[in-house]
Structures are given as C-alpha cells and as structure tokens.
Amino acid sequence: MAKQTNNSIRNIAIIAHVDHGKTTLVDHMLKQGMIALKSSVTGTDRVMDSMDLERERGITIAAKNCSVMWKDTKINILDTPGHADFGGEVERALKMVDGAILLVDSSEGPLPQTRFVLKKALEARLPIIVVVNKIDRQDARPEEVLNDVYDLFIDLDADESQIEFPVLYAIGRDGIAKKTLGEESTNLAPLFDQILESISGPQHDDEEPLQVLITNIGYSDYLGRLGIGRIFNGSVKKGQTLVRIGEGGTALPLKLSAVQVYQGVIFETIDLATPGEIVILSGADEIQIGDTVCAKELPKALPRITVDEPTMSVSISANTSPFSGREGEFVQSRKILERLHKETLYNVAIKIEEDAASDVFQVKGRGEFQMAILIETMRREGYELTVGRPKIIFKYEGNEKLEPIEHLFIDCDEQFLGTVTEKLSVRKGKMTNLINNGSGRVRMEFSIPSRGLIGYRSEFLTDTRGTGLMNSYLSGYEPYRGDFVSRRNGSLVSDREGDAIPYALYHLEPRGRLFVLPGDKLYRGMIVGEHNRENDLYVNASKEKKLSNMRASGKDEHIQLTPVLPLTLEAAMEFINDDELLEVTPKNIRLRKASLK
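Quick look at the structure, then. On a predicted model such as this, the values are computed, not experimentally measured, just so you know.

1. Thoughts on unusual backbone geometry
Part 1 of the reasoning: Look at R125: it is not a glycine, yet its phi comes out positive at around 60°.
Part 2 of the reasoning: The residue R125 is located in the loop between α5 (112-123) and β6 (128-133) in this model.
Part 3 of the reasoning: Phi at D157 is positive, roughly 60°, even though this residue is not glycine.

What follows is the structure, encoded as structure tokens:
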C-alpha cells in the first residue's frame, strides 16, 4: 500500500486539565491565524465555549472544531473537554487528529484529568507538543512542572520517541508563545511553526476507496442533520451518491446535499474535499456517530469508535409530584424519552435503558457531573423530571462482584489532613501516596470505590473550608470492598401542603439545616431540610402563630432566619438517599420522598 501525505492540512487536538487555558489559547490562535470569522464573534472571549453552561462554569463540555491558516497550511483545531466525565468527547476527538498539544499550568502542573486525556493520546500513538502555559503567574514554577510532565510520560509507559517531545512556554491570555523562557516573543508564531514541524499531514492510501469516519453529529435549521467526520481515504464531492455503513454492517444509501469544511469557527460550502480534511456532510438524516461513509461501488467500513463503559446510572422519569405541569413545557414520559434518545446520538458515552412497565428510564454514563450537566440542560429546555440517586454499575466475574475504583487526588491545607483521611477511610478509601513539601499544603492520593465519592464533594469543601482541590479518574475494577453508610443524617419532611411560614421555619432551625425559604410552596412528602439526627422527622413548616389579645401579630416582623444556601443540582443529587427523589423543573429543584403517602 502506497501511503500518501496531504501536507496542506494539519489536524490537531488541544488536551489539558480543566481551567488550564485551552479555550483562551484557541481564541488567540483564531485571532492570529484567522481565515474568516463572523464579525459578531471576533470580539467574543472563549469563542469555543458556545453552550451557556460552558460559559457559566468556565469549562469545556463538548468537543468542538475550528480552523486557522498558517503559511498556506490549514490547521484544523479540536478543543477537547478536560474533565474525565466527558471522556467520550475526548476519544472521538482523538480519532480525527494526527497530533496533540498538551497544555499544562505552570503553577499547578499536570493534574488528574491531564493524565486521563494524555493516556488516550499516547494509546493512539499521537505525537505530542507540550506547552507550559500561564508562565506570567506569580507562583509559576515552569522547570519543576516540566519535570513533572516527564515523570507523567514515564508513568504512562511512553516510549522513547514519545518522551522526546518539543516544549514551548506560553501566556495564553496574551497570545504569546516562545521556545525558551528567556526568549522575547509577541505572538503565537513559534507554536504554529512547531505544529507544522512536529505534526505530519494526514496520511491516506490512493488505492483505497472513499472512507469518512463520522465522529460527531450537528444540526442545521436549513440543512437538517449534519455528519461531522474525517476523510481517511478518497475525496468527497457535492451531490455524490454514497452509502453509510451502520452498526450492523449494513450499507444504506446516502445522498449528500452539501459538503462543508471549517473556516475559522463557521462552515464554508465546497465542491470537493480532499483526504485528511474534516468535513460536515449534509443530507444524512439517519447518520450516527461511528458510521463510515463510503463510495456506493466499493463500501468498506472503518473500525467503529469504542468508548469506555459507563460506570454510573441515574433513573429519570416524568414529574409525579402534586406540582407536576405547573412550571415546565414538557412533562410527558414520551417527550422525555425522545430527548434522552436525542442525547445518545450526540454523546456516545451515554446509554439509555427503558422500563416499559414503570416509565422509568435508566441513563448510564461516566460520572455524576456528566449526569448533572445533562439534567441541567434538559431543565433549561423546559422539561420537568423526577431524578433518582446516582447508582454505581457493578460487574460480575463468576460469583465475584466487582466495582469501579477511582484514583483520587486531594490537595488541601496540612491542618485538614486528619479530617480528610478519616472521612475517606470510612468510605473504603486507601491512601497510596502522601507528598508534603513543607509549604503548608499536602497532596494525597487515594484508591477509593466510585460509590465512595457520591455525596463527598460538598462534605469535602465544608471540611477544608472551600480551599481543598479534589480530582479523580477511573483506574479500573476491583472486588467489592464492603458496605458503608454514605449519609448519617435523616430528612425534615413536610407533613402537609401549604406555604413555608417564617414563624414555623424559625422554630424548625434547631432541628437541622433548612432548604426552603419563607413563601415557598410545599406539599406532603417534600423534604424541607436535613435533620440533625439519623431518623426522618415529619414537620409542619406551614404553622402560623396563634393570635390572641395576649400575642401581637406584629412581633413576627422581627424573626431573623439563618440564610439558606440555594441547592445546586449536583448538591441535591449528592444529598438524596435511596428512598428519596429530586423534582427538577425549569424554575425549581425540590427534594421529596419517593413515596408521598
């Protein structure tokens, strides 16, 4: 087979831990190597974070593409998520590229999610360019961080050719990159030149028929469903009659209405796309992620995309509370199921199981953060849902029960070391490493069951007074480590329908931590707070002060209630027990008992 190289294109992915500056760096790459960007976008920061949730949280959730031109070479850039829960996005992105830029913070160094995405890139045999970012930070330590990166490569069993990576130093926020710390630079030219030098153009075989691997799905109001993928062999022409090979290996006809490529962050329609190009195919109404688009005369499938198995499931169903239908647009089970199936088309890491008898859908994914993002997205779209407690998916080998184990990294002040260690040991965690540099902060590593981390994040932040950092990735499966109690406190449960009254809430405060505010609507079985003790307590949060000629009603104006911290979706999912549910609507998140009797 005669392999050819298309030197007019480079396909690269940018991989890094959350908040190490990927999306900001891509902004400056677009500005300095611009082809054509809509004027409305050029003034926008973090242009690749197009979802509202991405902008609010400052993280990348979905892998997205763009392109720049440098010295007559087109560079297609894929900005990947840095969170292990969105690993399905990372694996898809790495299928489309010939090299990767590993971005590392000059102070924090390589963190757990850096390890996760780098491992995927090394397994795919991709050449890596290491960029030490944010070298202008006051606490920057670029030389030490570079040594940590070398240690990480060795730890991940990289071979000699992979360890001999080029290194650049950058201030992504200012759009500056340089080859040495002492060098003067005003732009990203050293980075662009390094990409052309270190990463080869996409290879293809002239003797092979057309093969396009679909790695992403898009949608256009004008063109309908879009299949986004890379041309591995052959060329694609507009109007060409093709076939797509689906999961079962069956070839189905496909008539293209348009072929588009990335120009900056927008699409440009072209007549012919060459091998190695990342294309957007229109007219593919039934196309799915993992399909191969081929010539009709000689259909030949590429290996389908494989994604790590899900480790966690959450039950989702229609809202069954007394307030159902008051706040949302979509309340029927059928609408919810349609939306969940639509999500599986975009996101290969999510799987859906239906229970026809109860209209409850089991949504399986990689972590509670991924589930929370899906549920938050749906509630913003107008859905009302009932959500159960996240549950771990166990495996069985013969009679042995296996559970997913996380490699957990903790960074906190030395004074909290004892509390954190004690809490994690109760949750069946084992300390594997402890680093104390004498700086007042310690780094710990634990091996802990995935179920041990459900509900722990909020407790950890309380224990470390908001100063602790906690990250983890899935390390594999081990025999079941035994049972433990995840939540020791019971719930304060409303015993009737009504409105929350300040007088009643004031007298309930000694009983525990409240979740509701005066004036909130309540129903029987709704959880209004966390009890100080282990049992559930049914309470009347609508109780009014009895008025008489001895008691003046005006005194109520002086009641001072403790401020209530609004419940976030993640905190609520972590809090509930197995016999409790979440009611999620576009306007409210309420906790309730599964049985409202």
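2. Side note on the packing of helix α1 (residues 22-32) against helix α8 (residues 189-198)
Part 1 of the reasoning: Look at α1 against α8: their axes get within 11 Å of each other, and the N-to-C directions meet at 90°. Judged by the inter-axis angle, α1 sits roughly perpendicular to α8. In this structure, α1 contributes L25, M29 and Q32 to the contact, and α8 contributes L191, F192 and I195.
Part 2 of the reasoning: Here the residues of the contact of α1 with α8 sort into 5 nonpolar, 1 polar and no charged.

3. A closer look at helix α12 (residues 456-463)
Part 1 of the reasoning: Within the sequence span of α12, burial applies to Y456, F460 and D463. Looking straight down α12, one finds its buried side chains confined to an arc of 65°; they lie on one side.
Part 2 of the reasoning: Residues of α12 that are buried make contact with β26 (400-413), α11 (417-426) and β29 (469-479).
Part 3 of the reasoning: Count one or two residues on from α12 and you reach R465, which has phi positive near 55°.

4. Let's talk about the side chain of E327
Part 1 of the reasoning: Tracing the backbone through its elements, the reader meets E327 in the loop between β20 (312-318) and α9 (333-346).
Part 2 of the reasoning: Within polar-contact distance, the side chain of E327 engages the side chain of N588 at 3.0 Å.
Part 3 of the reasoning: Reaching out from E327, the side chain makes a polar contact with the side chain of R590 at a distance of 2.8 Å.
Part 4 of the reasoning: Not counting residues within four places of it along the chain, the set of residues in contact with E327 comprises E384, T585, P586, K587, N588 and R590.

5. Overview of the environment of Y477
Part 1 of the reasoning: Along the polypeptide, Y477 turns up in strand β29.
Part 2 of the reasoning: Measuring from C-alpha to C-alpha, the distance between Y477 and F394 comes to 8.9 Å, with 83 residues separating the pair along the chain.
Part 3 of the reasoning: Dropping the residues within four chain positions of it, Y477 is found in contact with P310, T311, I393, K395, L402, E403 and P404.

6. Remarks on the packing of aromatic side chains
Given two aromatic rings, their pairing is described by the distance between the two centres and the angle made by the two planes.
Part 1 of the reasoning: Scanning the entire structure with this criterion turns up 8 aromatic pairs.
Part 2 of the reasoning: On the numbers, 5.0 Å between centres and 90° between planes, the contact of F323 with Y523 is edge-to-face. Linking F323 in the loop between β20 and α9 with Y523 in the loop between β33 (521-522) and β34 (526-531), this pair joins segments that are 200 residues apart in sequence.
Part 3 of the reasoning: Here F323 falls in the buried class, since its relative accessible area comes to 4%.
Part 4 of the reasoning: Using a relative accessible area of 0% as the deciding quantity, one classes Y523 as buried.
Part 5 of the reasoning: Centre to centre, the rings of F394 and Y480 are 5.7 Å apart; their planes meet at 80°, and the pair counts as edge-to-face.

7. With respect to helix α10 (residues 368-380)
Part 1 of the reasoning: End to end, α10 covers 18 Å across 13 residues, agreeing with the expected 18 Å (1.5 Å per residue, within 8%).
Part 2 of the reasoning: Buried residues of α10: E368, F369, Q370, M371, A372, I373, L374, I375, E376, T377, M378 and R379, and no others.
Part 3 of the reasoning: Looking at the residues trailing α10, positive phi occurs at G382, about 105°.

8. Quick notes on the pairing of strand β22 (residues 360-365)
Where a strand is regular, its side chains alternate between the two sheet faces.
Part 1 of the reasoning: Sheet topology places β20 next to β22; 5 bridges connect them, and they run antiparallel. Pairing of V314 across the sheet is with V363, part of β22.
Part 2 of the reasoning: The sheet contact formed by strand β21 (residues 351-355) and β22 spans 5 bridges and is antiparallel. Paired with I352 across the bridge in β22 is V363.

9. Some remarks on the pattern of salt bridges
Part 1 of the reasoning: Within the structure shown, the criterion is met by 37 salt bridges.
Part 2 of the reasoning: One salt bridge in this structure joins K521 and D499, with 3.4 Å as the shortest N-O distance. Residue K521 is located in strand β33, and its partner D499 is located in strand β31 (residues 498-499); the two are separated by 22 residues in the primary sequence.
Part 3 of the reasoning: Residue K521 is classed as partly exposed on the basis of its relative accessible area of 46%.
Part 4 of the reasoning: A salt bridge links K593 to D536; its shortest N-O distance comes to 2.6 Å. Of this pair, K593 sits in strand β37 (residues 589-593) while D536 sits in the loop between β34 and β35 (537-539), and the two are 57 residues apart along the sequence.
Part 5 of the reasoning: On the basis of relative accessible area, K593 is assigned to the buried category, the value being 4%.
Part 6 of the reasoning: Classification of D536 by relative accessible area gives partly exposed; the value is 32%.

10. What to know about the environment of T24
Part 1 of the reasoning: With respect to the helices and strands, the residue T24 is situated in helix α1.
Part 2 of the reasoning: According to the relative accessible area criterion, T24 is partly exposed, its value standing at 27%.
Part 3 of the reasoning: The sequence separation of T24 and G172 amounts to 148 residues, and the corresponding C-alpha distance is 6.3 Å.

11. Concerning the environment of L256
Part 1 of the reasoning: Looking at the element boundaries, L256 is found in the loop between β14 (251-255) and β15 (258-263).
Part 2 of the reasoning: For the pair L256 and G283, spaced 27 residues apart in sequence, the C-alpha separation works out to 5.0 Å.
Part 3 of the reasoning: Beyond its immediate chain neighbours, meaning those up to four positions away, L256 contacts V236, K237, G239, Q240, L242, L281 and S282.

12. Remarks on the packing of α11 against α12
Part 1 of the reasoning: Between α11 and α12, the shortest axis-to-axis distance is 10 Å and the interhelical angle comes to 160°. Compared by their axis directions, α11 and α12 come out roughly antiparallel. Relative to α12, the crossing made by α11 is right-handed. Seen from α11, the contacting residues are T419, V420, K423 and L424; seen from α12, they are Y456, E459, F460 and D463.
Part 2 of the reasoning: Split by residue class, the contact of α11 with α12 holds 4 nonpolar, 1 polar and 3 charged.

Rules of the game
Residues numbered from 1 in each chain as written. Predicted model: local features only at pLDDT ≥ 70, side-chain atom pairs only at ≥ 80, totals over all residues. Heavy atoms only, no water. Helix = DSSP H or I, 4+ residues; strand = E, 2+ residues; numbered from the N terminus. Axes fitted to C-alpha atoms, helices over the stretch in contact; angles between N-to-C directions. Parallel < 35°, antiparallel > 145°, perpendicular 65-115°, else oblique. Contact = heavy atoms within 4.5 Å. Nonpolar A, V, L, I, M, F, W, Y, C, P; charged D, E, K, R; others polar. Buried < 20%, exposed > 50% of the residue type's maximum accessible area, 1.4 Å probe, protein only. Arc of directions from axis to C-beta. Polar contact = N/O pair within 3.5 Å; in protein donor to acceptor, adjacent residues only side chain to side chain. Phe/Tyr/Trp six-rings, centres within 6.5 Å; stacked < 30°, edge-to-face > 60°. Expected span 1.5 Å × (residues − 1). Pairing = 2+ DSSP bridges. Salt bridge = Lys/Arg side-chain N within 4 Å of Asp/Glu carboxyl O. Left-handed = near helix turned anticlockwise from the far one by under 90°.

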